[in-house]
Structures are given as structure tokens and as C-alpha cells.
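# Structure assessment
Now for the letters of each chain:
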Amino acid sequence: MKKHISQHFRKMAHKNEDCTILSRTQQAKRTNMAHLNHTALTAIPREIYRLSRLARLDLGHNHIEFISKEIGHLSCLQQLWVNDNPLRELPKELALCAKLTVIDARNTLLCNLPRELSRLHQLQDLELAGCPLKPSLLRLAQGTGGVADVMAHLKRKDERSTLRDALVRRLQATKYIDEPTAVVTDVSTRVFRALKDLPLTHMSKLIHEAERIFPHRPLAVHTDDIRRQLHVIVKEAEVRHAKAQIQLHLRTVFLDPSLDDIVSLARDIYNELPDPADHMILFKRPKTFFTSAFGQTCGASLKSSLGELRLNRSLKREKAQELDPNPSIS
């Protein structure tokens, strides 16, 4: 008898919960706000994914383990509350909810976050307290930067993943035309992991120069060789850029010489003074350094003049210290 009564009350409780869920879902159609917290949900009702104008979705304190990729259909969603659920992951399709400003995922089972979340440019509040995050994310989430640091981390991952996919396409189109996609993807992934310390500009250069850098066979790819070749190519590009900048500055100082003469002098200046900081000093004070005619100007003379300037400045500082060894701070 007691067992029968207990089952009856459980059925009544489930029926009441179902009525509550149905009532709140119907209400959400009118208000564009779905408050389904504390309703013992184990899954998000399919009807919710059809509410394209929904702005707030509160699913807190339930038993939800999974969010469908259909969440991406909620293009007007601004606030998502999934706190206190046994939720193990957020779908990457959340990135399609471009108006999201709040994601509350406290006290869930999230260990990681999809890199695509970095595309949510309006996201201001990302609550992750009480989640078993992997160490790298946990440090960022608990740091002074908070959400901004987490999003920057995800953005870097997203950008690198995009570049890796671009490398796969480049290699398949040029170098490894007859190789299976899986093989090319594996090679690209290994290279990107090995070069994860390099900036995105270097990785973009890797893609642009893939035909020159990668060997003829995927099995011959060695990440250390790739790194060395990429370093050489990046350095070559930096040198070309520096020389081009010198040429542009020389054109503002000397109007008459031919392009070939300008290129020759720029090369000579770079050979003597390869540091871009020196170039800035030279062309910031052209009347100090470019006092001779074009034909008498060379890298060695400019290097000498720059050295004299620095020596004079050093002597002036030493003299000032001798006159006043303990200058007061005004």
C-alpha cells in the first residue's frame, strides 16, 4: 500500500513538473524569456530551440548533461544560465548567438571551453566558478584579467586552428596533391603544435611559403627543420622590409638620385646599421646626419656620425653627474 502511494506521489510530482515546464515555455513565447530553472529538466525542450527571438534562457539547477547544437538557432539570445547542472561541454554553435553578453556556467562539469566562444564579441560575463577547468584555463579564469584573458586565450586557439586549416588546404593544393586529407591534416597539426610558441604572423608566413619550406613527402617532415627554414624566411622578410623603409626615407632626403642608387645606398646603410632603432634616429634628424651630397653619403659615415652623437650624449650625462651627483627629484 505504501509503495503504491509513493509511486502515485512521484507520478503527481512529475506531472506537476511537466505542467510547469509547459507553462513556462508557453510564457517564453510571449516574453522572450524562458525561466526553466529548478524544474528537474534532464534535457532542454525542443520547443525552446524554436524560439528565435528568445533573449534570456535560465536552465539553472537542473540535471542537464547536454546542449544541442540547435542552440545556435537562438540568434537573439543575450543571457544563458546553465549553472548547477552536470553539463560537461558547451557546444561550439553557441558562437552563432552573437548577442550573448552573459554565460553563467558555475558549478558544472566543464573542463574546457570551445575556442569558437572567442567570436562572441559582446560577451562581458563568463561565470565558471566551481568548474573542474583544466589548469591553463583555471589560471586565466582566476587571474586579474578574468573573462578578457580567457577570451584572448580562446581567440588565439581559434586563429591558430583557422591557420592550420589554411595550411592543410595549401599543402593539398600545391605540395601533397595526391596525399589523403587525413595525412596532410596530421602533418599540419604536428607542425602547429611544435611551433605553438611562434606568433601568428610567423604562422601566416609558413602558409604563404609552404611550397618552399615543406619537403616533397609528408613522411619527410621534421618540425625542427620546418622551424629553422621558417626562421630564415622570416628574417629575410624583416630585412627586405627594413631596406624598403630606408629607401622611402631616403627619397624624402634626396630627390634627384635614381632608384638604383637609392636601393644601393639603402643596402649599404642596412649593412652598417641593421638595427631599426638606428634608422629611426637617422631619419628623425636628417639635417644632423645627411649633411653631405648624395654621392658622399654612405653607411660607414652615418654609423660614425651616430656613434659620435651617442658619445657626446654620454659625456654630457657624465659631466652632469659630476656637477650634481645626487640630483633632487622635482
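Attention now goes to a positive patch on the surface. On the surface, Lys-284, Arg-285, Arg-313, Lys-316 and Arg-317 cluster together to form a positively charged patch. Of all the elements, helix α11 (residues 299-323) adds the most residues to the positive patch, at three residues. With respect to the helices and strands, the residue Arg-313 is situated in helix α11. Classification of Arg-313 by relative accessible area gives partly exposed; the value is 39%.

It is worth spelling out the confidence of the model for the protein chain at this point. The predicted coordinates of low-pLDDT regions are not to be read in fine detail. Here the protein chain averages 90 in pLDDT, and 92% of its residues register 70 or above. When pLDDT is averaged over each element of the protein chain, strand β3 (residues 79-81) comes out on top at 98 and helix α1 (residues 2-31) at the bottom at 60.

Turning our attention to the packing of helix α9 (residues 276-284) against α11. Running from N to C, α9 and α11 point in directions that differ by 85 degrees, and their axes come no closer than 11 Å. In terms of their interaxial angle, α9 and α11 are classed as roughly perpendicular. On the side of α9, the interface is formed by Asp-278, Ile-281 and Leu-282, while α11 contributes Leu-302, Leu-306, Leu-309 and Arg-310. Each residue belonging to the contact of α9 with α11 can be placed in one class, and the counts come to five nonpolar, no polar and two charged.

A word on the packing of aromatic side chains. Aromatic ring pairs are described here by two measures, namely the spacing of the ring centres and the angle between the planes. Throughout the structure, instances matching the rule amount to three aromatic pairs. Ring centres of Phe-254 and Phe-290 lie 5.9 Å apart, and the angle between their planes is 80 degrees; this geometry places the pair in the edge-to-face category. Taken together, the positions of Phe-254 in the loop between α7 (223-253) and α8 (259-272) and Phe-290 in the loop between α10 (286-289) and α11 put the pair 36 residues apart, joining distant regions of the chain. Phe-290 carries the same exposure label as Phe-254, and that label is buried. Relative to Phe-294, the ring of Phe-254 lies with its centre 5.1 Å away and its plane at 80 degrees, an arrangement referred to as edge-to-face. Residue Phe-254 is located in the loop between α7 and α8, and its partner Phe-294 is located in the loop between α10 and α11; the two are separated by 40 residues in the primary sequence.

Our focus in this paragraph is the nonpolar core. If you look at the biggest cluster of nonpolar residues, it comprises 39 residues, and the most contacted ones within it are Leu-54, Leu-57, Leu-59, Leu-90, Leu-94, Ile-103 and Leu-113. Every element with two or more residues in this core is listed here: α1 and α3 (147-174). Leu-90 has contacts with Ile-67, Ile-103, Leu-110, Leu-113, Pro-114 and Leu-117, leaving out every residue within four places of it along the chain.

Parameters at a glance
- Residues numbered from 1 in each chain as written.
- Predicted model: local features only at pLDDT ≥ 70, side-chain atom pairs only at ≥ 80, totals over all residues.
- Heavy atoms only, no water.
- Patch = residues over 30% accessible without salt bridge, like charges linked within 9 Å, V, L, I, M, F, W, Y side chains within 5 Å.
- Areas by Shrake-Rupley, 256 points an atom, 1.4 Å probe, with all protein chains shown as cover.
- Salt bridge = Lys/Arg side-chain N within 4 Å of Asp/Glu carboxyl O.
- Lys, Arg positive; Asp, Glu negative; His and termini not counted.
- Charge placed at Lys NZ, Arg CZ, Asp CG, Glu CD.
- Helix = DSSP H or I, 4+ residues; strand = E, 2+ residues; numbered from the N terminus.
- Buried < 20%, exposed > 50% of the residue type's maximum accessible area, 1.4 Å probe, protein only.
- pLDDT = per-residue confidence, 0-100.
- Axes fitted to C-alpha atoms, helices over the stretch in contact; angles between N-to-C directions.
- Parallel < 35°, antiparallel > 145°, perpendicular 65-115°, else oblique.
- Contact = heavy atoms within 4.5 Å.
- Nonpolar A, V, L, I, M, F, W, Y, C, P; charged D, E, K, R; others polar.
- Phe/Tyr/Trp six-rings, centres within 6.5 Å; stacked < 30°, edge-to-face > 60°.
- Core = buried A, V, L, I, M, F, W, Y, C linked by side-chain atoms within 4.5 Å.

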